[in-house]
Amino acid sequence: MAYLNDNYLKLKAGYLFPEIARRVKVFCEQNPEPAKRLIRCGIGDVTEPLPAAVVAALHKSVEELSVRATFRGYGPEQGYDFLRVAIAQNDYRAHGLDVADDEIFVSDGSKCDCGNILDILGHQNRLAISDPVYPVYVDTNVMAGHTGDADAAGAYAGVVYLPCTAQNGFVPEPPSQAVDLIYLCSPNNPTGAVATRAQLTAWVEYARQHRAIILFDAAYEAYITDPAIPHSIYEIPGARECAIEFRSFSKNGGFTGVRCAFTVVPKSLLAQTAAGEFKPLHPLWNRRMSTKFNGVSYFVQRAAEAIYSPEGKTQVRALVEHYLGNAQVLVQGAKAAGLQVFGGVNAPYIWVQTPAGITSWQAFDKILNEANVVITPGSGFGSKGEGYFRISAFNSRANAEEVARRLQTLKW
Ligand code: MLT
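Residues numbered from 1 in each chain as written. Predicted model: local features only at pLDDT ≥ 70, side-chain atom pairs only at ≥ 80, totals over all residues. Heavy atoms only, no water.

## Brief notes about the packing of aromatic side chains
Overall, the coordinates contain 22 aromatic pairs when judged by the stated rule. Where Tyr80 meets Phe82, the ring centres are 5.2 Å apart and the plane angle is 10°; that geometry is what we call stacked. The residues Tyr80 and Phe82 share a single accessibility class, namely buried. Above the ring of Trp361, the side-chain terminus of Arg23 is found at 3.8 Å from the ring centroid. Geometry around Tyr349 places Arg390 over its ring, the cationic atom sitting 3.9 Å from the centre. (Phe/Tyr/Trp six-rings, centres within 6.5 Å; stacked < 30°, edge-to-face > 60°. Buried < 20%, exposed > 50% of the residue type's maximum accessible area, 1.4 Å probe, protein only. Lys NZ or Arg CZ within 6 Å of the ring centre and 35° of its normal.)

## Details of the site of the ligand
Contacts to the ligand come from Phe17, Ile43, Gly44, Tyr134, Asn189, Tyr220, Lys251, Tyr349 and Arg390. Interatomic distance of 2.6 Å between a backbone N/O atom of Gly44 and an oxygen atom of the ligand. Residue Tyr134 places a side-chain N or O atom 2.6 Å away from an oxygen atom belonging to the ligand. A total of 270 Å² of accessible area belongs to the ligand in isolation, and the protein chains cover 85% of it. A class-by-class count of the residues in the shell around the ligand yields five nonpolar, two polar and two charged. Two domains share the shell around the ligand, each providing at least three of its residues, namely domain 1 (14–43 + 312–407) and domain 2 (54–308). (Near = heavy atom within 4 Å. Polar contact = N/O pair within 3.5 Å; in protein donor to acceptor, adjacent residues only side chain to side chain. Areas by Shrake-Rupley, 256 points an atom, 1.4 Å probe, with all protein chains shown as cover. Nonpolar A, V, L, I, M, F, W, Y, C, P; charged D, E, K, R; others polar. Domains from an automatic or database assignment.)

## Comments concerning the domain arrangement of the chain
Along its sequence, the chain is organised into domain 1 (14–43 + 312–407) and domain 2 (54–308). A straight line from the C-alpha centre of domain 1 to that of domain 2 covers 26 Å. Between domain 1 and domain 2, the contact holds 27 residues from the first and 35 residues from the second. Inspection of the region where domain 1 meets domain 2 yields zero salt bridges. If you look at where domain 1 meets domain 2, you find eleven residue pairs in polar contact (both at pLDDT 80 or more). Among the secondary structure elements, those contributing two or more residues to the side of domain 1 that touches domain 2 are α10 (310–336), β11 (341–343), β12 (349–353) and β15 (388–392). It is α10 that contributes the most residues to the side of domain 1 that touches domain 2, eight residues altogether. (Contact = heavy atoms within 4.5 Å. Salt bridge = Lys/Arg side-chain N within 4 Å of Asp/Glu carboxyl O. Helix = DSSP H or I, 4+ residues; strand = E, 2+ residues; numbered from the N terminus.)

## Some words on the sheet that holds strand β14 (residues 376–377)
Strands sit in the order β11-β12-β15-β14 across an open sheet of four strands; the sheet is antiparallel. On the outer flanks of this sheet lie β11 and β14, each paired with one strand and no other. (Pairing = 2+ DSSP bridges.)

## Digging into the pairing of strand β3 (residues 127–131)
Along a regular strand, successive side chains alternate from one face of the sheet to the other. The element β3 is extensively covered by neighbouring structure, given that five of its five residues are classed as buried. Along β3, one buried face is formed by Leu127, Ile129 and Asp131 and the opposite face, lined by Ala128 and Ser130, is buried too. As defined by bridge partners, β3 adjoins strand β4 (residues 159–163) across five bridges and the pair is classed as parallel. The partner of Ser130 across the bridge, within β4, is Leu162. Tracing the backbone out of β3, into helix α6 (residues 135–143) and back to the parallel element β4 gives a crossover that is right-handed. Two strands pair when backbone bridges link them, and β3 and strand β5 (residues 181–185) are joined in this way by three bridges, in the parallel orientation. Paired with Leu127 across the bridge in β5 is Leu181. (Right-handed = clockwise from strand over helix to strand, strands pointing away.)

Okay, here's the thing in structure tokens:
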């Protein structure tokens, strides 16, 4: 008899975004006319075409594969050197940060990496996870059996939740107890908040004191507009000894469909064996990638490399500016609608408080039915997300302006 992984049965309903898609599908089937004016600001999926430099690199590299002399089969599981060098040089060393080429591991997405990293970490780790937060951090730990059951509010036993509220500016503070693994996301999904240098320094000090590891998700770093905000955890002294960083080309280069990301595992990062010895994680992640992954397609890695070309950088900046411009339109629209608004300045997400007495799913239904706009209910990101909803700025300018206008027509 075969057994299933019982941990999956602990998961609440569907994964947030498929659940929203399911509800939107039902709405569209039942309301064909309003469905025609539907605007999707739910999942943070990019809408604008790929940068021209990326498209040119894709064409060129596909052509290479059509010729025997330049054809390539399996590539290195860790990523081609040309991309690892471009990343380490442009994203780190150009900013004075000490990251070696072979500390970069190229992958098909940060969502995957955030889940896969658990392969090399012990089951006994005590977890600290922000609330609200990108649901992947919690769900992958539930799947791996690192939690108990969820309570009525959806909080899993065994997780130290770090409340992110308006009072702390939606940036989590180190807990009073010792934990071993800490998930941080800055700029934050869903709240759009960013951690300051002082806040990240406090986390690095905490991690070093407790020999904990920070899993730092920097997928939205390109959206930071405030020059004082760190783009990388490695800007904080000591982080190479306590942090893994995840970055993605999804939200800067528009790669949500193309798929390419990377994870930085410093060679100086150690974790404890069951026997109490300290060993580096870098060889374990290298081994994991070699065994379970065959690398990202050659042409996708060439496309990612093009992001670092002079024209690629300019085009990516224009894309990011476009979405940040949308964010401002949405912030102004939501404010004009009398709503309390956070985020949208250093992030492509606007975090909006629901009017008193309205739950986040009620807000979702009202905005869907009356404004024909899809947003994401805050409770889908954790219990502290209740009373909020998230608007994604990934859209055309015309749609962002229309959403801003429609929000102002709602009577709460
Ligand atoms: C989101 O909407 O939170 C993101 O698109 C999810 C993701 O990047 O996987």
